[in-house]
Amino acid sequence: MRRNWIGGAFGWLWLVAVLLPIYFVAITSVKSIATYFGSNPVLPSAPLALENVTAVLEADFGMYLVNSVVVALGTVIPLVLMGFMASFSIVRGGRRFFGPVRSLFLLGLAIPVQATIVPIYLLIIRLHMYDSLAALMLPGIAFGLPLSILIISNSLRDVPRELFEAMDIDGCSEWQKMWRLAFPMTRPALVTVGVYQALMSWNGFLFPLILTQSPDKRTLPLALWSFQGEYATNVPVVMAAVVLSSIPIIVLYALGRRYLVGGMTAGAGK
Amino acid sequence: MTSPSAVRQDVRVGADASQTRARRQSAPRARRGTEPHREPVHVSHVLFALPALLFFGVFALLPLVGVLVLSFTSWNGIGAIHFTGLTSWTEALSRSTTWHGLALVVLMIVATWLLQTPLSILLGTFLAGQQRYRNVLAILYFLPLLLSSAAIAITFKSLLDPNFGLASGLNLPFLKQNWLGDSVLVWIVLLVIIAWQFIPFHTLIYQGAVRQIPRSMFEAAEIDGAGRVRQFFSITLPQLKYTLITSSTLMVVGALTYFDIIFVLTQGGPGSSTRILPLDMYLTGFRGNEMGVASALAVILVVLGLGLALGVQRLGGTDASASQMEGA
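In this text the structure is predicted, and so the values were computed from the model without any measurement. (Residues numbered from 1 in each chain as written. Chains lettered and ligands numbered in written order. Predicted model: local features only at pLDDT ≥ 70, side-chain atom pairs only at ≥ 80, totals over all residues. Heavy atoms only, no water.)

Moving on: the pattern of salt bridges. Per the stated rule, a full pass over the model turns up eight salt bridges over all chains. Linking Glu 219 of chain B and Arg 215 of chain B is a salt bridge whose minimum nitrogen-to-oxygen distance equals 4.0 Å. With Glu 219 of chain B and Arg 215 of chain B both in helix α10 (residues 215-223) and four residues apart, this pair spans about one turn of that helix. One salt bridge connects Arg 275 of chain B with Asp 280 of chain B, and the closest N-O pair in it is separated by 2.7 Å. Among the ionic contacts, a cluster of salt bridges with common partners joins Asp 168, Glu 174 and Lys 177 of chain A. (Salt bridge = Lys/Arg side-chain N within 4 Å of Asp/Glu carboxyl O. Helix = DSSP H or I, 4+ residues; strand = E, 2+ residues; numbered from the N terminus.)

Here is the structure:
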């Protein structure tokens, strides 16, 4: 077989393009401000300036990190549970009622979230939830449901019907079938949904921007944005903030890559 | 996708549909009595689906309806909301920023597609090879998808700094430009960053699709003496048709709503050269306190999104289910 030179050259070139900015952030984040102005920008330089990390932590990044974790968990846990229960009904319930329910959720995939920010803002104000972390979870859950239900119900369809029938014979209720049979059988899909939605929540920018105000309610992306405004002149410290805010999600990727890729390409792949 | 699964459900339901109360929704049909089997609705199933329906209804569907309603009002974001008929619409449609923003959205969609589609297909085809190192490459390719748009925008901002970024680091004078201060250069920057962020996603889709093409097709072509390039154009590309439609739909609808990157990187500037419609909507509503006008702009975005999604599908000659990715 002849070698695919064009594709190969391209593939490696793209790798460089992907890694270069990441490399730049990493080396710059550990330069002191003096080395940043004095050294070659694309070369690492000793000694490591760990004071950047200290500066970032002193700028309340610990709190922003906690906020991001709280919002991610507060979004993902209810989302997975509700999505799972709804999927169970959609797959197990009759088509007459749950067919339209399914279509309704699928319709949600086509709603551009950006276009709903004004009514969501109004809704959150009227619920007296403006400037709270809970305000970030509610729309996150709602807009996460369509894709979650798509993934989970596809996985539920693969649970053999005989297993449900066996539970029928044992006189189990739908509730028992849901938690004792369907839940363990769809665990991989639930993890996929959880990991993917955690990423979505972690990187969300728009809802924190319009639904919160006080600094102590900021999540990481918003904090990064205001941080670079304040520290515009101290690039290494800003880069350290970028690194610190990305580490948790890269750890998540390392642990659950399979699930994350699955979540991203679900529905798109055929 | 919808029909086969629905049929399967249909068959399955008949089995255990015995001891339940029929709901109001099923009554008219049941009375006809001509159905092969009845499908009473389990109360428990309705209860299980209720929390999700409630959340989705209140925080996704209601806002969707709400944006249409609000577009016929005037509201400054704090005080009372007044119905003012078409005032917000005439205001929105008479502003030059609206048409400017719309033109920029079209530019964004076309340029994004032209830049990202060929690259994603090439990279996806390359990654689909069976060599093990390509899986490692795929892992690394994925990294940009993990980073928040804020982090990416901030990174590129300092990378493009004329004095302390790539230009001086690699000693490439042509990179020494006022990237974010020039209305043409800033677009190059935006398109490249957005490509950097999203090509990995589309590459993954194409990789998966190329791997599903039967190997025998390539082997047959090989025997017939077709070279790699010929194989690519005669087998790979035609086989990717449906993936191309899916990927293009996601790309086009996605390009319609880019917000974070532009907001952090340029705030619409210099001047208004990157004030695309979603950003214009945000600034009109949350900076200009004209929520009614912003809602009218949002309705335009929704309609445009649906129209584009359907248009791409029609162009591809298929009615397969529309955008299946997140709207986020």
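Every contact between the two is made by 111 residues of chain B and, on the other side, 108 residues of chain A. Here chain B meets chain A over a buried area of about 10,400 Å², counting both sides, of which 73% is carbon and sulfur. For the pair chain B and chain A, the interface holds zero salt bridges. Where chain B meets chain A, there are eight residue pairs in polar contact (both at pLDDT 80 or more). (Contact = heavy atoms within 4.5 Å. Buried area = accessible area lost by both parts, 1.4 Å probe. Polar contact = N/O pair within 3.5 Å; in protein donor to acceptor, adjacent residues only side chain to side chain.)

Turning our eyes to something else, we now look at the nonpolar core. Ranked by internal contacts, the top residues of the largest apolar core, which has 177 residues, are Phe 61, Phe 207 and Leu 211 of chain A together with Phe 142 and Tyr 282 of chain B. It is helix α3 (residues 51-92) of chain A that provides the largest number of residues to this core, a total of 16 residues. The two domains that each donate at least three residues to this core are domain 1 (1-49) and domain 2 (58-265) of chain A. Apart from residues lying up to four places away in sequence, Phe 61 of chain A is in contact with Val 56, Leu 220, Ala 223, Leu 224, Phe 227 and Ala 241 of chain A. (Core = buried A, V, L, I, M, F, W, Y, C linked by side-chain atoms within 4.5 Å. Buried < 20%, exposed > 50% of the residue type's maximum accessible area, 1.4 Å probe, protein only. Domains from an automatic or database assignment.)

What follows covers the environment of Gly 263 of chain A. Within the secondary structure, Gly 263 of chain A is located in helix α12 (residues 235-265). Note: C-alpha distance between Gly 263 of chain A and Tyr 196 of chain A (67 residues apart in sequence) is 5.5 Å.

All names here are of chain A. UniProt records the feature "transmembrane region" (unreviewed entry) for residues 12-37, 69-91, 103-127, 133-152, 189-211 and 231-255 in the present numbering. Note that residues 69-91 is 100% helix and 0% strand, and that its end C-alpha atoms are spaced 32 Å apart. The straight-line gap between the two end C-alpha atoms of residues 133-152 is 27 Å; of that span, 100% is helix and 0% is strand. (UniProt positions renumbered as here; feature names shortened; annotations may be inferred.)

Okay, unusual backbone geometry next. Gly 269 of chain B connects to Pro 270 of chain B through a cis peptide bond whose omega is -5°. The topology assignment puts Pro 270 of chain B in the loop between α13 (260-265) and α14 (277-287). Located in the positive-phi region is Asp 131 of chain A, a residue other than glycine, with phi close to 65°. The residue Asp 131 of chain A is located in the loop between α5 (117-126) and α6 (133-156) in this model. One non-glycine residue, Gln 267 of chain B, adopts positive backbone phi at about 55°. With respect to the helices and strands, Gln 267 of chain B occurs in the loop between α13 and α14. Take Gln 267 of chain B: its relative accessible area is 33%, and that puts it in the partly exposed class.

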